[in-house]
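Spelled out from the first residue to the last, the chains are:
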Number of protein chains: 2
Amino acid sequence: MKPGKTGRARSGASLIDVAKAAGVSTATAGRVLGGYGYASEPAAERVRSAARALGYRPNRLARGLITGRTQTIGVVASDIASPFYAAVIRGVADAVQNRGFGVLVTNSDERLALEQQAVRLLLEKQVDGIIIAPCDLQSSEHLTEALESGCPIVQIDRAAPNLQTDSIAVDNVGAARACVRCLTDAGHRRIGFVGEVLLDGAVDLDGAIRRCAGLRPDERGVVPSVLRFTGYLAGCHDAGIAPDPNLIRRLGVYSAAAARAAVLDLMTGPRPPTALFTADGAMSTGALEAIGALGVDVPGDLSLICFDDLDWMQFYARGVSAASQPAREIGALAADLLLRRIEGDRDPVRHIVLPVAIVARRSVAPPRRARPRATKIGAGHD
Amino acid sequence: MKPGKTGRARSGASLIDVAKAAGVSTATAGRVLGGYGYASEPAAERVRSAARALGYRPNRLARGLITGRTQTIGVVASDIASPFYAAVIRGVADAVQNRGFGVLVTNSDERLALEQQAVRLLLEKQVDGIIIAPCDLQSSEHLTEALESGCPIVQIDRAAPNLQTDSIAVDNVGAARACVRCLTDAGHRRIGFVGEVLLDGAVDLDGAIRRCAGLRPDERGVVPSVLRFTGYLAGCHDAGIAPDPNLIRRLGVYSAAAARAAVLDLMTGPRPPTALFTADGAMSTGALEAIGALGVDVPGDLSLICFDDLDWMQFYARGVSAASQPAREIGALAADLLLRRIEGDRDPVRHIVLPVAIVARRSVAPPRRARPRATKIGAGHD
DNA sequence: CTGAAAGCGCTTACAG
DNA sequence: CTGAAAGCGCTTACAG
């Protein structure tokens, strides 16, 4: 009844108890119950029924201590409450659960210190591998260390370039380019851009444009929002549109509030865009809030395509087009890759780039003709 | 380089190595690094620097095997990809992470067999406690067993009545009642209801109404949708409205498609409701799809309040009112309760009932006067 | 304050 | 096919 003096709380029958009851050695009982090694049918049957009678439940901790395998994989997400990561984790869980694996989840909130702490916890818990969206593409010593200690890693959403691991990301450049194409095909020429696009060494817009124009689709070591900005530039270029600095907002932070302010500013300025492309979940949320606050019609005064780490439902409901990542698939693929590595696969690392579906709603339609604002020429004020 | 012959993959320095390097016993090294027991400062310092030099990382498996504590808690959700459970798990993770705990997540998809499998996995992995949304309020032998083996449990969202555990749920009856009140206050009298409301032994509506009318707010052993139906009935009663069977749709399944069909049927019938209350996430999604397909305006031809296991963003975007659960808080509270039990708290079980916020958007406004459909009396056809 | 010894529950070679 | 023994990496009483 009371916990033993060693402090362990739960008891239950151990393999020793089962072996004793079945009249065999623990080795034999282990072989039967663990499904490894041989045992004669009569012995096996005695062991099984003893296990059943005692309500035996294997202790995976003990097994893990010996085999060096815990059958647990760790996931480090920015925020598991975000629809994107929630779906990724679901994909991971589905892929591994029928193989007897567990999934240990942690959040980094895009902060390196938290990520390092999370990785340490996972390693101390002896996970067999880690799936991570690294929050810093340069500082990855903690991940190198994990790798060197034999813990395989799969990077998702982004990939540190100097980390020799498999990775899975969507085709950010291609998807953003396709989004812009939707807009230009519909006749838009003034297409606003709102994104984080944090670039060290390129604070000015011209520098950013020069730098991003050279990026290739599969470029690793580059954060998604920069790749999407690259796609935006490419899309404009495709349509023979020169990037207009007044229509581009690089916020430098991943903040819905900042995006809201930026879109309000864009839309109430002298020559507002007729269409808008938002590069991230937070940007998209901010943009939706702004156009709500402005009472702007979508479609109508504005066409909008959101690149989305959030739930496409909100865009769907709003009648807005969105580019949406196949999150579950990313999770499932990441888990597959990881399990393969855990099983000892030594193939060269793979970098998978997934296509992104664009869920076109009504908002790509060209804008309604704006209400004539100053019919009386020279009215000068309102 | 190569894995040892025992099959364990990862090596790294063990406590033995650290002790050897520091010139002390493993007992002393363990006391220093584990933070238990005494050690002289010089010895401690030698141990710490040896640990640092060797890159020592404690193996929590080994510790767990002895202490009987893994510092891991398990969560069994219906679907971690749903915004509700994703947020719950985030709340759990936040509450436990700074205490060095990990969170192991599993999905039941509301299927008993999967839930049992998930619980077994968690127990074999020796979690210190389980947070679960039980999918079957009657068949809970597997949970009783867990409890008896010393694994504390906290139930969320619903609670099996015969399970002596802490539980956390929202005030389903009160929230639904308040939703209806929003509608009746705005002048609605014909308020439709769409929910799962699966009741054995009450297949007919009259039976269901009689049975639900007697439920009290804190009733356990009753699934949320039934409690919300109860709240709906109470809200109607408050306003002196007799429940109209033609406006009530008990689907018996948790299906957006079924809800969509039900709402289409309701709205295209002879006397459509002027307002609608949906009792679940899937119902809400289906209803939104239906009114989208019908081109019904919200507000306008219809007022709508959704009870929500999904993301309130979609309602917000649609201009719809929603009752939303404080998911993160539920997770955080569940984790707190569980940690307390893990630490040996023997207080009587607590059943926490949380209030639900109603996010009122435009849809509670009374409906616009319907476009006169048959101005020419006797027109007879369209 | 410190160390030798036992042991958590299991798996793994290794003899028989 | 089976068992005795060793051991995974740590913590726990218990002597000193």
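None of the values given here were measured: they were computed from a predicted structure. Residue numbers here run from 1 along each chain, matching the order of that chain's written sequence. As they are written, the chains are lettered A onward and the ligands numbered 1 onward, keeping that order. Per-residue local features are limited, in this predicted model, to residues with pLDDT of at least 70; the limit for side-chain atom pairs, both in listing and counting, is 80 or more; totals at the level of whole chains, interfaces and linings are taken over all residues. Based on all heavy atoms of the structure, the side-chain values leave hydrogens and waters out of the count.

Would you take a moment to explain the overall build of chain A for this structure?
When helices and strands are counted, chain A shows 14 helices and 12 strands. Exposure categories follow from relative accessible area, calculated using a 1.4 Å probe and restricted to protein chains: below 20% of the type maximum is buried, above 50% is exposed, and the middle band is partly exposed. Looking at chain A as a whole, 51% of its 382 residues are labelled buried. Considering only contacts within chain A whose residues lie at least 6 apart along the sequence, 70% involve residues at least 24 apart. The accessible surface values rely on the Shrake-Rupley method and a 1.4 Å probe; as for residues, cover is taken only from the protein chains in view. In the form shown here, chain A has an accessible surface area of approximately 17,300 Å², with 52% of it arising from carbon and sulfur atoms. Numbering of helices and strands runs from the N terminus, with a helix taken as a DSSP run of H or I at least four residues long and a strand as a DSSP run of E at least two residues long. The contact rule is simple, with two residues in contact once any of their heavy atoms fall within 4.5 Å.

For this particular structure, what's the right way to read the sheet that holds strand E10 (residues 321-324) of chain B?
Neighbouring strands of a sheet are bound in pairs by backbone hydrogen bonds; such pairs are parallel or else antiparallel. Residue and element names in this part refer to chain B. Sheet architecture is open: six strands sit in the order E7-E6-E8-E9-E10-E12, paired in mixed fashion. Strand pairing shows two members of the sheet lacking a second neighbour, strand E7 (248-250) and strand E12 (357-359), which therefore form its edges. On average, each strand axis in the sheet is inclined to that of its neighbour by 15°, with strand direction left out of account. Pairing between strands is defined by DSSP: at least two bridges between them are needed. One ladder, built from four bridges, connects strand E6 (residues 191-195) with strand E8 (residues 275-278); its direction is parallel. If you follow Phe-193 over to E8, its bridge partner there is Phe-277. Against the sheet, helix H8 (residues 172-185) contacts E6, E8, strand E9 (303-308), E10 and E12, and its axis sits at roughly 170° relative to E9. For helices, the axis comes from a line fit to the C-alpha atoms of the stretch in contact; other axes are also lines fit to C-alpha atoms, and the angle between any two N-to-C directions lies between 0 and 180 degrees.

How should the interface of chain A and chain B be read in this particular structure?
Reports often express the size of an interface as the amount of accessible area lost when the parts come together. Contacts between chain A and chain B engage 55 residues on the former and 55 residues on the latter. Here chain A meets chain B over a buried area of about 5,000 Å², counting both sides, of which 53% is carbon and sulfur. When a carboxyl oxygen of Asp or Glu is within 4 Å of a side-chain nitrogen of Lys or Arg, the pair counts as a salt bridge. Summed over the shared surface of chain A and chain B, the result is 10 salt bridges. A salt bridge links Arg60(A) to Glu124(B); its shortest N-O distance comes to 3.1 Å. Polar contact is the term for a pair of N or O atoms within 3.5 Å; when the atoms are in protein, one must be able to donate a hydrogen and the other to accept it, and sequence-neighboring residues count only if both atoms are side-chain atoms. In this structure, the connection of chain A to chain B is made through 14 residue pairs in polar contact (both at pLDDT 80 or more). Mapped onto the side of chain A that touches chain B, the elements with two or more residues apiece are helix H4 (60-67), helix H5 (83-97), strand E2 (102-107), helix H6 (112-124) and helix H13 (312-318) of chain A. Asp, Glu, Lys and Arg are counted as charged, while Ala, Val, Leu, Ile, Met, Phe, Trp, Tyr, Cys and Pro are counted as nonpolar; the rest, among them Gly, fall into the polar class. The residue makeup of the side of chain A that touches chain B, split by class, is 22 nonpolar, 19 polar and 14 charged. Two parts lose some accessible area (1.4 Å probe) when they are put together, and adding that loss for both gives the buried area.

It is not clear to me how the packing of helix H8 (residues 172-185) of chain A against helix H10 (residues 224-238) of chain A should be interpreted in this structure. Could you clarify?
A pair of packed helices is characterised by two quantities: the angle between their axes and the separation of those axes. Residue and element names in this part refer to chain A. Direction vectors running N to C along H8 and H10 enclose 40°, while the axes themselves pass 7 Å from each other. By the angle between their directions, the pair H8 and H10 is classed as oblique. Where H8 crosses over H10, the two elements pack in a sense that is right-handed. Contacts from Asn-172, Val-173, Ala-176, Arg-177 and Val-180 of H8 reach H10 at Pro-224, Leu-227, Arg-228, Thr-230, Gly-231, Tyr-232, Ala-234, Gly-235, Cys-236 and Asp-238. Of the residues contributing to the contact of H8 with H10, the split by class is eight nonpolar, four polar and three charged. To sort the angles, those under 35 degrees are grouped as roughly parallel, those over 145 as roughly antiparallel, those from 65 to 115 as roughly perpendicular, and the leftovers as oblique. What makes a crossing left-handed is the near helix being turned counterclockwise from the far one by less than a right angle; a clockwise turn instead makes it right-handed.

Honestly, the sheet that holds strand E8 (residues 275-278) of chain A in this entry has me stumped. Any pointers?
Residue and element names in this part refer to chain A. Spatial strand order, E7-E6-E8-E9-E10-E12: six strands in an open sheet with mixed pairing. In this open sheet, the two edge strands, each paired with only one partner strand, are strand E7 (248-250) and strand E12 (357-359). With strand direction ignored, the average angle separating the axes of adjacent strands in the sheet is 15°. Strand contacts of H10: strand E6 (191-195), E7, E8 and strand E9 (303-308), with the helix running at about 170° to E6, the strand carrying the most contacts.

Got a minute to help me understand the protein's contact with DNA strand D in this structure?
Proximity is defined per residue: if any heavy atom of the residue lies within 4 Å of a molecule or strand, that residue is considered near it. Neighbouring DNA strand D are 28 residues; Ser40(A), Ile66(A), Leu15(B), Tyr36(B) and Ile66(B) lie closest to it. Protein-proximal atoms of DNA strand D, defined as those within 4 Å of the protein, fall in sugar or phosphate at a share of 66%. In this structure, a phosphate oxygen belonging to DNA strand D sits 2.7 Å away from a side-chain N or O atom of Thr28(A). Asn59(B) places a main-chain nitrogen or oxygen 3.0 Å from a phosphate oxygen of DNA strand D. Top contributing element to the surface near DNA strand D by residue count: helix H4 (residues 60-67) of chain B, with four residues. Among the residues making up the surface near DNA strand D, the classes are represented as 14 nonpolar, eight polar and six charged.

Is there a simple way to explain unusual backbone geometry in this structure?
The phi angle at Val197(A) is positive, at roughly 45°, despite the residue not being glycine. For Val197(A), the position within the fold is in the loop between E6 and helix H9 (205-213). One non-glycine residue, Gln126(B), lies in positive phi territory at about 65°. Structurally, Gln126(B) is set in the loop between helix H6 (112-124) and strand E3 (129-132).

Honestly, the protein's contact with DNA strand C in this entry has me stumped. Any pointers?
Taken together, 29 residues are adjacent to DNA strand C, and Leu15(A), Tyr36(A), Ile66(A), Ser40(B) and Ile66(B) come closest. Restricting attention to atoms of DNA strand C within 4 Å of the protein, one finds that 66% of them are sugar or phosphate atoms. One nitrogen or oxygen atom from the side chain of Ser40(B) is found 2.5 Å from a phosphate oxygen belonging to DNA strand C. Listed by contribution, the elements that provide at least two residues to the surface near DNA strand C are helix H2 (26-34) and H4 of chain A together with helix H2 (26-34) and H4 of chain B. Sort the elements by how many residues they give to the surface near DNA strand C and H4(A) lands first, with five residues.

What's the story with the pattern of salt bridges in this structure? I'm lost.
Side chains that differ in charge, positive against negative, can pair when their charged atoms come close. Applying the stated rule across the entire model yields 39 salt bridges over all chains. For Arg341(B), the salt bridge identified is with Asp166(B), shortest N-O distance 2.7 Å. You can see Arg341(B) sitting in helix H14 (residues 327-342) and its partner Asp166(B) sitting in strand E5 (residues 166-170), a full 175 residues away along the chain. For the pair formed by Arg341(B) and Asp166(B), the shared burial category is buried. With a shortest N-O distance of 3.5 Å, Arg190(B) and Asp244(B) are connected by a salt bridge. Here Asp244(B) lies in the loop between helix H10 (224-238) and E7 and Arg190(B) lies in the loop between H8 and E6, a separation of 54 residues in the sequence. Each of Asp79(A), Asp109(A), Arg90(B), Asp94(B) and Arg328(B) takes part in one network of salt bridges that share partners.

How do you make sense of the relation of the copies chain A and chain B when you look at a structure like this?
For the least-squares superposition of copies, only C-alpha atoms count, and only for residues with pLDDT at least 70 in both. When chain A is fitted onto chain B, the two copies agree to an RMSD of 0.1 Å after a turn of 180° and an axial shift of 0.0 Å. Within this description, the copies of the chain are treated as partners about a two-fold rotation axis. Residue by residue, 100% of the interface of chain A is reproduced at the interface of chain B, so both copies engage with the same surface.

For this particular structure, what's the right way to read the state of the cysteines?
Disulfides are covalent bonds that link the sulfur atoms of two cysteine residues. Residue and element names in this part refer to chain B. A pair of sulfur atoms, both from cysteines and within 2.5 Å, is called a disulfide here. Per the stated rule, a full pass over the model turns up zero disulfides over all chains. Its sulfur unpaired, Cys-179 is 6.2 Å from the next cysteine sulfur, which belongs to Cys-182. Here Cys-306 stays free of any disulfide, with the sulfur of Cys-179 as its closest cysteine sulfur at 9.2 Å.

What am I meant to see in the domain arrangement of chain A here?
Residue ranges assigned to each domain were obtained from an automatic or database domain assignment. For chain A, the assigned domains read domain 1 (15-66), domain 2 (70-169 + 327-354) and domain 3 (172-325 + 359-381). The centre of domain 1 of chain A, based on its C-alpha atoms, is set 34 Å off from the matching centre of domain 2 of chain A.

When you look at the environment of Ile66(A) in this model, what are you seeing that I'm missing?
Residues and elements named next belong to chain A. Tracing the backbone through its elements, the reader meets Ile-66 in helix H4. In this structure Ile-66 comes out as exposed when scored by relative accessible area, which is 59%. A sequence separation of 117 residues divides Ile-66 from Leu-183, and the C-alpha atoms of the two residues are 59 Å apart.

Got a minute to help me understand empty space enclosed by the protein in this structure?
A water-sized probe rolled over the atoms picks out the places where empty space is left. The pocket and cavity definitions rest on a 1 Å grid over protein atoms only: a 1.4 Å probe that fits but cannot leave marks a cavity, an open set with protein on both sides within 12 Å along at least five of seven lines marks a pocket, and residues lining either have an atom within 4 Å of a point. Grid points are joined across faces, edges and corners, and a volume is the space filled by probe spheres set on the points. Under the criterion given, the structure shown has three cavities of 30 Å³ or more. Here the largest cavity defines a volume of roughly 200 Å³. What lines the largest cavity is simply Arg60(A), Leu61(A), Thr70(A), Thr72(A), Leu104(A), Lys125(A), Arg60(B), Leu61(B), Thr70(B), Thr72(B), Leu104(B) and Lys125(B). When contributions to the lining of the largest cavity are tallied by element, the ones reaching two or more residues are H4 of chain A together with H4 of chain B.

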